[in-house]
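Next come the chains, spelled out residue by residue.
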Amino acid sequence: MTEQPPEVLFVCVHNAGRSQMAAGFLNRLAEGRVHVRTAGSEPADRINPAVVDAMAEVGIDLSKEFPKPLTDDAVRASDVVITMGCGDACPIYPGKRYEDWELEDPAGKDLETVRGIRDEIAARVDALIADIAAAD
């Protein structure tokens, strides 16, 4: 019997910036060892174009991604739930690991500011992978 890879859910308000960047980095760095989902408590109609541009600069294509609504099922299916500024919108279930990453919202920010947010998210995802790998 093969063990399922851990499920990580990144949640932000619009699912158009921070959570999408985090998922892009985790998908690349975990190389299939982690299943990644994203959701928004109030999903936008599209990914922030500055976020798409900033991620393209580091070789991660988010152009085909889209904001998804936060559902109870997504939270239930996850082992790790990382929130990014969505307050109490995320339901809490026993047995899940929750983290809240305080990050600036890239909405309406220039590309230079979005790059800084991107780089902070990359560092946090790197630490998360090391932590998940250590728990295996």
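Residue numbering note: each chain is counted from 1, following its sequence as written. Under the rules for a predicted model, residues below a pLDDT of 70 receive no local features and side-chain atom pairs below 80 are neither given nor counted, while totals for whole chains, interfaces and linings still include all residues. Excluding hydrogens and water, the side-chain figures rest on all heavy atoms present in the structure.

**Comments concerning the overall build of the chain**
1) Next: Going along the chain from the N terminus, every DSSP run of H or I of four or more residues is numbered as a helix, and every run of E of two or more is numbered as a strand. The secondary structure content of the chain amounts to 4 helices and 4 strands.
2) Next: Mapped in sequence order, the helices and strands of the chain form the string β-α-β-α-α-β-β-α.
3) Next: With the radius of gyration taken over C-alpha atoms, the globule rule is written as 2.2 Å times the number of residues to the power 0.38. Relative to its length of 136 residues, the chain is compact, with a C-alpha radius of gyration of 14 Å against a globular reference of 14 Å.
4) Next: Overall size of the chain, expressed as C-alpha extent along the three principal axes, is 45 × 30 × 25 Å.
5) Next: Residue exposure (1.4 Å probe, protein chains only): buried if accessible area is under 20% of the type maximum, exposed if over 50%, otherwise partly exposed. Here the chain holds 136 residues, and 43% of them are scored as buried.
6) Next: Note on contacts: a residue pair qualifies if any of its non-hydrogen atoms lie within 4.5 Å across the two residues. For the chain, restricting intrachain contacts to residue pairs at least 6 apart in sequence, the fraction spanning at least 24 positions comes to 69%.
7) Next: When the accessible surface of the chain is summed, it comes to about 7200 Å², and 49% of that surface belongs to carbon and sulfur atoms.
8) Next: Only four residue types enter the charge count, namely Lys and Arg as positive and Asp and Glu as negative; His and the chain termini do not. Charge coordinates come from a single atom per side chain, which is NZ of Lys, CZ of Arg, CG of Asp or CD of Glu. Here the chain holds 14 positive side-chain charges and 25 negative ones, and the gap between their average locations is 3 Å. To be clear on the numbers: accessible area is Shrake-Rupley with a 1.4 Å probe, and residue cover counts the displayed protein chains and nothing else.

**Notes on the nonpolar core**
1) Next: Formed by 31 residues in total, the largest nonpolar core has its most connected members in Val 8, Phe 10, Leu 26, Trp 101, Val 125 and Leu 128.
2) Next: For this core, the elements supplying multiple residues, two or more each, are strand 1 (7-12), helix 1 (18-30), helix 2 (49-56), strand 3 (80-84) and helix 4 (111-135).
3) Next: Considering every element that reaches this core, the biggest residue donor is helix 4, with 7 residues.
4) Next: Discounting residues that sit within four places of it in the chain, Val 8 has contacts with Leu 26, Val 34, His 35, Val 36, Arg 37, Ser 78, Val 80, Ile 82, Leu 128 and Ile 132.
5) Next: The nonpolar core is taken to be a set of buried Ala, Val, Leu, Ile, Met, Phe, Trp, Tyr and Cys residues, with the residues joined through side-chain atoms within 4.5 Å. By size, the runner-up hydrophobic cluster in this structure holds 9 residues, among which are Val 11, Leu 70, Val 75 and Val 81.

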